[in-house]
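# A structural walkthrough
Residue strings, one per chain:
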Amino acid sequence: MKTIETTNQFILNTYKRYPVVFEKGTGCYLFDENGKKYLDMSSGIAVSLLGHSHPEVVKAIKKQSNKLLHTSNLYYSTPAPKLAKKLVEKSVFSKAFFCNSGAEANEAALKIAKKYGKIHGGEKKFKILSFKNSFHGRTIATITATGQTKYQESFTPLLPGVEYAEYNNIESVKKLISDDVCAVIIEPLQGEGGVHPAQGDFIKQLRELCDKHNALLIFDEIQTGVGRTGTLFAYEQFLPTKPDIVTLAKGIAAGLPMGVTLVNEKLSEVLQPGDHASTFGGNLLTSSVALAVLNCIDNDKILENVQKSGSYLIKKLNELKLKYSSIKDIRGQGLLIGIEIDFPAPELVNALIDKKIITVPAGTSVVRFLPPLIIKKKEIDILIDALDEIFKKRI
Ligand SMILES: Cc1ncc(COP(=O)(O)O)c(C=O)c1O
């Protein structure tokens, strides 16, 4: 039976898939079952940050899988603490919790916030403040934190005590924050909600409000973390302002499922044995691959490439914007860039697939470019030429 028919018959219908069956990948390119080559400008939605089949990732998988894959968190094993130490050394945080996905990393962050609230403010301090248009995952707690009703309405009643302020609008935060709030959760750049970067001044004032009300500041860096915006963590671009918790997933293990919740010193003892757990969290295989990813980011000068290639992509997209009035805006940071257009985003995504280029929509009228962080000028030029042809035809 063909892959598409078997998928439709035996897998729950939770995804609107494009009719392509990918079989292998190398560098910035994917190949379908007929051997056709596609330029990957999506990285599996910000996951494959070293490109496909990166030799160091393959080596780490082979090496660790020959030794031991999994034991459980009832015992000690070497890769996870090495990874936690590296993440701590490279950040302003003190300890890590490992799980398997972005939603789970946020779930852990929200549980830490709730317990912290209970300890420091009693039963009333359980409220969470989030933002309109945000995206934090698909579990019940994380769809509640997600400020978009389309992800929530079929699943009400949701978690109590979550409210949504306007992104980049400090007055709207002032109206909702109080001593009953235990945490504010925010993406430093809203990805799924349309590629909107947070303003530095807004984040600084948000931190001050959190301090005033003894609320934790959680940065959801599931999409922006691990080099995507040109620094290892996006929060680095707001220093000296710092969050209390950062969550990571997607690219951290280059395609293997891993989520990370990093906390600062004051939170490092909030969770105690029995409070939280994950069977697979930080297992030997994913942790050793994540270590290889962090080493490659350093050794291959990945952050420099993100800054250079990201600036080039923005410049070329802005040149197109001057030529075509249907391009309304170009936004983003590093290699997380959105093009806002005056027609439905899926139309552009489909036109690009016809030209063998893979991208992802963000909201109704924005298309996201999230290429592997190893992308070079040559591949960016392929995208720009394809966009030029598509927009030329629309005039
Ligand atoms: C900012 C953000 N948070 C959370 C998530 C959820 O991650 P996952 O799908 O791994 O649960 C995503 C996924 O797109 C995301 O972009």
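Remember, it's a predicted structure, so these values are computed and weren't measured experimentally.

### Comments concerning the overall build of the protein
Assigned secondary structure in the protein consists of 12 helices and 17 strands. With the C-alpha coordinates of the protein rotated into their principal frame, the extents come out at 60 × 55 × 45 Å. Counting only residues that meet the buried cut, the protein has 47% of its 395 residues in that class. For the protein, the proportion of contacts with a sequence separation of at least 24, taken over those separated by at least 6, is 72%.

### Describing the site of the ligand
The environment of the ligand is made up of 15 residues, and the closest members are Ser-101, Gly-102, Ala-103, Ile-222 and Gln-223. When residues in the shell around the ligand are grouped by element, the largest group, three residues, is from helix α5 (residues 102-121).

### Considering the environment of Glu-187
Its location among the elements puts Glu-187 in the loop between β7 (181-186) and β8 (189-190). Each residue touching Glu-187, except ones within four places of it in the same chain, is listed here: Ser-134, Asp-220 and Thr-224.

### With respect to unusual backbone geometry
Cis geometry marks the peptide bond from Thr-156 to Pro-157; its omega dihedral reads 0 degrees. A cis amide bond links Leu-239 to the next residue, Pro-240, at an omega of 10 degrees. With respect to the helices and strands, Pro-240 occurs in the loop between β10 (216-220) and β11 (245-248). Of note in this structure, Ile-45 is not a glycine but carries a positive phi near 60 degrees. Given 14 C-beta atoms within a 10 Å radius, Ile-45 is considered partly exposed. Despite not being glycine, Val-226 has its phi angle at roughly 55 degrees, a positive value. Position of Val-226 among the secondary structure elements: in the loop between β10 and β11.

### Quick word on the sheet that holds strand β1 (residues 22-26)
Here four strands make up an open sheet; going across it, the order is β1-β2-β3-β15 and the pairing mixed. Pairing within the sheet leaves two strands with one partner each, and these edge strands are β1 and β15 (357-358).

### Focus on the pairing of strand β6 (residues 162-165)
In this sheet, β6 lies alongside strand β5 (residues 127-131) in parallel orientation, the contact comprising four bridges. Looking across to β6, one finds that Ile-128 is bridged to Val-162.

### A short note on the sheet that holds β6
Taken in spatial order, the seven strands line up as β4-β12-β11-β10-β7-β5-β6 in an open sheet, and their pairing is mixed. Two strands in the sheet have a free side with no partner beyond their single neighbour: β4 (95-99) and β6. Across the sheet, the axes of successive neighbouring strands diverge by a mean angle of 20 degrees, strand direction being ignored. Here helix α8 (residues 200-212) sits on the sheet and contacts β7 and β10; the angle it forms with β10, its principal contact strand, is near 140 degrees.

### Brief notes about the domain arrangement of the protein
If you check the domain split of the protein, you get domain 1 (3-53 + 301-394) and domain 2 (56-299). Using only C-alpha atoms to locate each centre, domain 1 and domain 2 end up separated by 26 Å. Across the contact, 25 residues belong to domain 1 and 26 residues belong to domain 2. Looking at the side of domain 1 that touches domain 2, the element that brings in the most residues is helix α10 (residues 302-323), giving five residues.

### So, the environment of Leu-216
Tracing the backbone shows Leu-216 in strand β10. Apart from residues no more than four positions distant in its own chain, Leu-216 is found in contact with Ala-113, Tyr-116, Cys-182, Ala-183, Cys-210, Asp-244 and Ile-245.

### Quick word on helix α9 (residues 284-299)
Here α9 spans 22 Å end to end across 16 residues, near enough to the 22 Å set by a 1.5 Å rise per residue. For α9, the full list of buried residues reads Leu-285, Thr-286, Ser-287, Ser-288, Val-289, Ala-290, Leu-291, Ala-292, Val-293, Cys-296 and Ile-297. Two residues or fewer past α9, Lys-301 is found with a positive phi of approximately 50 degrees.

### Brief notes about the nonpolar core
Formed by 110 residues in total, the largest nonpolar core has its most connected members in Ala-113, Ala-183, Val-184, Leu-216, Ile-218 and Val-293. Looking at this core element by element, the count peaks at eight residues for α9. Built from parts of two domains, this core gets at least three residues from each of domain 1 (3-53 + 301-394) and domain 2 (56-299). Contacts of Val-293, omitting those with residues within four sequence positions, involve Leu-50, Ile-252, Ala-253 and Ala-254.

### Quick look at the packing of α10 against helix α12 (residues 377-394)
Where α10 contacts α12, the axes come no closer than 10 Å and their chain directions differ by 15 degrees. Viewed along their axes, α10 and α12 adopt a mutual orientation that is roughly parallel. Considering the relative orientation of α10 and α12, their crossing is right-handed. Contacts between α10 and α12 involve Ser-309, Tyr-312, Leu-313, Lys-316 and Leu-320 on the former and, on the latter, Lys-377, Ile-380, Ile-384, Leu-387, Asp-388 and Phe-391.

Each value, and the rule that gives it
Residues numbered from 1 in each chain as written. Predicted model: local features only at pLDDT ≥ 70, side-chain atom pairs only at ≥ 80, totals over all residues. Helix = DSSP H or I, 4+ residues; strand = E, 2+ residues; numbered from the N terminus. Buried ≥ 20, exposed ≤ 12 C-beta atoms within 10 Å, placed from the backbone. Contact = placed C-beta atoms within 7 Å. Near = placed C-beta within 6 Å. Pairing = 2+ DSSP bridges. Axes fitted to C-alpha atoms, helices over the stretch in contact; angles between N-to-C directions. Domains from an automatic or database assignment. Expected span 1.5 Å × (residues − 1). Core = buried A, V, L, I, M, F, W, Y, C linked by C-beta atoms within 7 Å. Parallel < 35°, antiparallel > 145°, perpendicular 65-115°, else oblique. Left-handed = near helix turned anticlockwise from the far one by under 90°.

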